[in-house]
Amino acid sequence: GAVVSQHPSRVICKSGTSVKIECRSLDFQATTMFWYRQFPKQSLMLMATSNEGSKATYEQGVEKDKFLINHASLTLSTLTVTSAHPEDSSFYICSARDEATSSYNEQFFGPGTRLTVL
Amino acid sequence: TQLLEQSPQFLSIQEGENLTVYCNSSSVFSSLQWYRQEPGEGPVLLVTVVTGGEVKKLKRLTFQFGDARKDSSLHITAAQPGDTGLYLCAGGEYGGSQGNLIFGKGTKLSVKP
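Analysis parameters
- Residue numbers run consecutively from 1 along every chain, following the written order of its sequence.
- Numbering of ligands from 1 and lettering of chains from A proceed in the order in which they are written.
- It should be noted that, the model being predicted, local features are given only for residues of pLDDT at least 70 and side-chain atom pairs only at 80 or more, the latter also being counted only at that level, while totals for whole chains, interfaces and linings use all residues.
- To get the side-chain values, take all heavy atoms of the structure and skip hydrogens and water.
- In this description, a disulfide is simply a cysteine sulfur pair whose atoms lie within 2.5 Å.
- The helix count covers DSSP runs of H or I at least four residues long, the strand count covers runs of E at least two residues long, and both are numbered beginning at the N terminus.
- Any residue under 20% of the maximum accessible area for its type is buried, any over 50% is exposed, and the rest in between are partly exposed; the area is computed with a 1.4 Å probe on protein chains only.
- Here, two residues are considered to be in contact whenever any of their heavy atoms come within 4.5 Å of each other.
- The term buried area denotes the loss of accessible surface (1.4 Å probe radius) that occurs when two parts are joined, taken as the sum for both partners.
- Whenever Lys or Arg places a side-chain nitrogen within 4 Å of a carboxyl oxygen from Asp or Glu, that contact is recorded as a salt bridge.
- Pairs of N or O atoms within 3.5 Å make up the polar contacts considered here, provided that, within protein, one atom can donate a hydrogen while the other can accept it, and that residues adjacent in sequence are counted only when both atoms are side-chain atoms.

Asker: In this structure, what is going on with the state of the cysteines? I would like to understand it.
Answerer: Think of a disulfide as a covalent bridge from one cysteine sulfur atom to another cysteine sulfur atom. Overall, the coordinates contain two disulfides over all chains when judged by the stated rule. At a sulfur-sulfur separation of 2.0 Å, the disulfide partner of Cys23(A) is Cys94(A). Looking along the S-S bond of the Cys23(A)-Cys94(A) disulfide, the torsion reads about 80°, which is the right-handed sense. Of the two residues, Cys23(A) is situated in strand β3 (residues 19–25) and Cys94(A) in strand β9 (residues 90–96); the sequence distance between them amounts to 71 residues. Across this residue pair, the class does not change: Cys23(A) and Cys94(A) are buried. Residue pairing for Cys23(B): its cysteine sulfur links by disulfide to Cys89(B), the two sulfurs lying 1.6 Å apart. The chirality of the disulfide connecting Cys23(B) with Cys89(B) is left-handed, given an S-S dihedral of about -80°. Taken together, the residues span a long stretch of sequence, with Cys23(B) in strand β3 (residues 19–24) and Cys89(B) in strand β9 (residues 85–92) at a distance of 66 residues. Residue Cys23(B) is classed as buried on the basis of its relative accessible area of 0%. Since its relative accessible area comes to 0%, Cys89(B) is described here as buried. Unpaired in terms of disulfides, Cys13(A) finds its nearest cysteine sulfur in Cys94(A), a separation of 18 Å.

Asker: It is not clear to me how the interface of chain B and chain A should be interpreted in this structure. Could you clarify?
Answerer: One frequently used descriptor of interface size is the decrease in accessible area upon assembly of the parts. Residue-level contacts link 23 residues of chain B with 23 residues of chain A. Counting each side, the surface lost to burial between chain B and chain A is near 1700 Å², with a carbon and sulfur contribution of 54%. Inspection of the chain B/chain A interface yields zero salt bridges. On inspection of chain B and its partner chain A, the count reaches five residue pairs in polar contact (both at pLDDT 80 or more). Elements with a minimum of two residues in the side of chain B that touches chain A: β4 (32–37), β5 (44–49), β9 and β10 (101–103) of chain B.

Asker: I would appreciate a short explanation of the pattern of salt bridges in the present structure.
Answerer: Residue and element names in this part refer to chain B. Enumeration according to the criterion identifies five salt bridges over all chains in this entry. In this structure, glutamate 38 and arginine 36 form a salt bridge, with 3.2 Å as the shortest nitrogen-oxygen distance. What makes glutamate 38 partly exposed here is its relative accessible area of 35%. The partner of glutamate 54 in a salt bridge is lysine 56, and the shortest N-O contact between them spans 3.8 Å.

Purely geometric numbers; function is a separate question.
Okay, here's the thing in structure tokens:
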């Protein structure tokens, strides 16, 4: 149980284009999902908390218009990197809480998406 | 702002050796999780500790939560090359409404055969 998928696993795009990353909870419903960014050899940096049916909560310093988050259903959240630039190249990871069974903030992570902007 | 200091940042040992990774904070956490991440993959949850003084064992891994719920340790006995990876501790924000986790900076463990 508690499986989270992400698609695509890798994406290469040209500067100025937009890229959408999907995060799905496969066997549970998640009202809250999280989007992280990870630089090489570093820990996870929380970008935003995605809430089903309402606006995402962004961490300080994360541009809302740059990183669009849509939590369309209880099993799907999407992150769209708009007008991507080389500095947006990174490893993006989503996670979800299985609120039906988890009482202690455990998050289950997707496999990540490697974004490379040329 | 709650912070988690994780140490050491890097650890390179020989197969069969023991090691301990530490996570420390001046803040109290409602819970603490340990994750392991391999290159190019997402973190995988190893354990959750919630009670002060709690000890949990997962085969050769022993996890302990401090009495005051401000610190935690991960001890690996007789490390194997398969233990190689990035170990992350993460604390549940006390009173946080959205279940946010505060992550340590990670310990990159390399176990050489």
